[in-house]
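Survey of secondary and tertiary structure
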Amino acid sequence: MPPLNRTGLAPATFILAGIPGMEMSHGWISIPFCSMYLAALLGNGVVLFVIRTERSLHQPVYLLLAMLATADLVLSTTTVPKMLAIFWFSAREISFGACLTQMFFLHFSFSAESVILLAMAFDRFVAICDPLRYAAVLTPAAVVKAGLVALLRSFCIIFPCVFLLKRLPYCGHNVIPHTYCEHMGIARLACADISVNVLYGLAVPFAAIVLDVALIALSYVLILLALFRLPSRTARRKAFNTCGSHVCVISLFYVPAFFTVLTHRFGREIPHHVHILLANLYVLFPPLLNPVVYGVRTQQIRAKVLKAFVCPRRRSLQE
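Residues numbered from 1 in each chain as written. Predicted model: local features only at pLDDT ≥ 70, side-chain atom pairs only at ≥ 80, totals over all residues. Heavy atoms only, no water.

- Named according to an unreviewed UniProt entry, the protein chain is Olfactory receptor originating from Rhynochetos jubatus.
- The record in UniProt for the protein chain states the following under Sequence similarities (unreviewed entry): "Belongs to the G-protein coupled receptor 1 family."
- UniProt, in its Function (unreviewed entry) section for the protein chain, records the words "Odorant receptor." (UniProt positions renumbered as here; feature names shortened; annotations may be inferred.)

Remarks on the UniProt feature "transmembrane region" (unreviewed entry) in the protein chain
- UniProt tags residues 28-51, 63-91, 103-122, 134-165, 206-228, 240-262 and 274-296 as "transmembrane region" (unreviewed entry).
- Along residues 134-165 one finds 94% helix and 0% strand; the C-alpha atoms at either end are 44 Å apart.
- Helix makes up 100% of residues 206-228 and strand 0%, with an end-to-end C-alpha separation of 33 Å. (Helix = DSSP H or I, 4+ residues; strand = E, 2+ residues; numbered from the N terminus.)

Digging into the environment of alanine 141
- Among the structural elements, alanine 141 can be located in helix α5 (residues 140-166).
- Overall, the relative accessible area of 45% leaves alanine 141 in the partly exposed class.
- The spacing of alanine 141 and proline 60 is 81 residues in sequence and 9.3 Å in space, taken between C-alpha atoms. (Buried < 20%, exposed > 50% of the residue type's maximum accessible area, 1.4 Å probe, protein only.)

Here we look at the state of the cysteines
- Going through the model one piece at a time under the given rule, you end up with 2 disulfides.
- The disulfide partner of cysteine 99 is cysteine 181, and the S-S distance across this bridge is 1.9 Å. Taking the sign of the S-S torsion, about -115 degrees here, the bridge from cysteine 99 to cysteine 181 comes out left-handed. In this pair, cysteine 99 sits in helix α3 (residues 96-129) while cysteine 181 sits in the loop between β3 (175-176) and α6 (183-187), placing the two residues 82 residues apart along the sequence. As far as burial versus exposure is concerned, cysteine 99 and cysteine 181 are alike and both buried. (Disulfide = S-S within 2.5 Å.)

What to know about the packing of aromatic side chains
- Using the criterion set out here, one finds 17 aromatic pairs in the structure.
- Relative to phenylalanine 96, the ring of phenylalanine 14 lies with its centre 5.6 Å away and its plane at 50 degrees, an arrangement referred to as tilted. Taken together, the residues phenylalanine 14 in strand β1 (residues 13-16) and phenylalanine 96 in helix α3 connect sequence positions 82 residues apart.
- Note on phenylalanine 14: relative accessible area 0%, which makes it buried.
- Of the residues examined, phenylalanine 96 reaches a relative accessible area of 9% and is grouped as buried.
- Each ring, one from phenylalanine 104 and one from phenylalanine 108, has its centre 5.4 Å from the other, and the planes form 25 degrees; the classification is stacked. Here the residue phenylalanine 104 and the residue phenylalanine 108 both occupy positions in helix α3, the gap between them amounting to 4 residues, near one helical turn. Neither phenylalanine 104 nor phenylalanine 108 differs from the other in exposure class; each is buried.
- Taken together, the aromatic side chains of Phe104, Phe105, Phe108, Phe155, Phe159 and Phe163 make up a single cluster linked through ring pairs. (Phe/Tyr/Trp six-rings, centres within 6.5 Å; stacked < 30°, edge-to-face > 60°.)

Remarks on the pairing of β1
- The two faces of β1 differ: Phe14 and Leu16 on one face are buried, but Thr13 and Ile15 on the other face are not.
- Inspection of the sheet shows β1 paired to strand β2 (residues 93-95) by 3 bridges, in the antiparallel sense. Bridging across to β2, threonine 13 finds its partner in serine 95. (Pairing = 2+ DSSP bridges.)

Section: unusual backbone geometry
- Phi angles above zero are rare outside glycine, and serine 90 is one such case at about 55 degrees.
- By secondary structure assignment, the location of serine 90 is in the loop between α2 (60-89) and β2.

Focus: the side chain of arginine 124
- Residue position: arginine 124 is located in helix α3.
- When sequence neighbours within four positions are dropped, the list of residues in contact with arginine 124 reads Val61, Tyr134, Tyr220, Ile223, Thr242 and Cys243. (Contact = heavy atoms within 4.5 Å.)

With respect to the nonpolar core
- Core analysis: the biggest nonpolar cluster contains 47 residues, and Phe14, Tyr170 and Ile186 have the highest contact counts within it.
- Broken down by secondary-structure element, the contributors of at least two residues to this core are β1, α1 (26-53), α2, α3, α5, α6, α7 (195-228) and α9 (272-282).
- Here this core gets 7 residues from one element, more than from any other, and that element is α3.
- Not counting chain neighbours up to four residues away, the residues in contact with isoleucine 186 comprise Phe14, Cys99, Leu100, Met103, Leu165, Tyr170, Ile176 and Cys181.
- Counting residues in hydrophobic clusters, the runner-up holds 45 residues, among them Ala112, Leu117, Tyr220 and Ala226. (Core = buried A, V, L, I, M, F, W, Y, C linked by side-chain atoms within 4.5 Å.)

Put into structure tokens, the structure is as follows:
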């Protein structure tokens with residue numbers, strides 16, 4: 001067999017197949033996906049608007065929540081519009097550069113959100129375990145530094161994936177059986193050894209996420225120990241309620257992610273279209289439900305939303 005010519009083998013376009021085996025149902029599937037996406041845009045937009053306009057919410061915990069909402073918007077907007085274009089207009093083509101860009105921002109926002117959740121866990125740890133030093137430790141400058149760390153770490157982890165994909169030769173296979181571009185989905189189309197991509201794609205990002213999860217778990221172990229030392233049951237309940245929203249958001253983010261990884265690793269008998277559906281739902285569920293969790297469970301957010309949107313409407317009706 002003659003050696004492969006590795007020059008000029010990057011395809012001009014890739015073809016996103018959508019959800020293989022369910023092409024006839026794409027129109028129906030788009031209805032709940034579009035509804036969830038619009039609701040996620042509205043919910044996260046309201047959270048950002050309220051935090052931006054209400055000076056009383058310019059506190060570390062709410063600034064971190066604003067960062068979380070921003071990461072959610074990037075995560076969903078990176079993937080869902082192209083997904084809907086495939087479902088509605090059969091716009092399956094995506095340029096090689098656009099595919100790499102989508103892949104980068106997909107994994108980048110996921111990694112950044114993990115760091116933000118870790119920062120929020122540290123915020124709850126200081127608030128409960130060392131409340132007297134909370135204002136000194138969790139300053140606005142510290143929150144900004146946490147945001148910069150989230151951006152820098154995510155960039156350093158994900159940007160090498162772009163070079164790992166650009167170095168590969170692609171010999172005519174350009175159909176990605178998915179609704180969006182992700183690292184291994186692109187790498188599998190290469191006509192060369194992709195062991196470096198597999199090793200890096202699994203080891204580095206996965207190790208970073210596992211480290212975040214371990215540190216979050218450690219912070220909550222220390223929080224629980226501190227709660228048990230509180231003398232008053234009322235104080236314990238109040239302190240635990242302050243962590244409830246964050247625990248729900250952590251569960252919404254990490255449980256589906258690890259479930260998706262496990263189904264890809266061990267669920268080989270699960271149909272491929274089920275894997276794709278789970279991956280699509282994952283980029284929608286956290287952005288959709290995070291604003292609901294914080295809006296329902298956080299009294300300050302709920303009160304400011306009512307003040308900003310409900311009270312003006314009542315006044316206009318009375319006039």
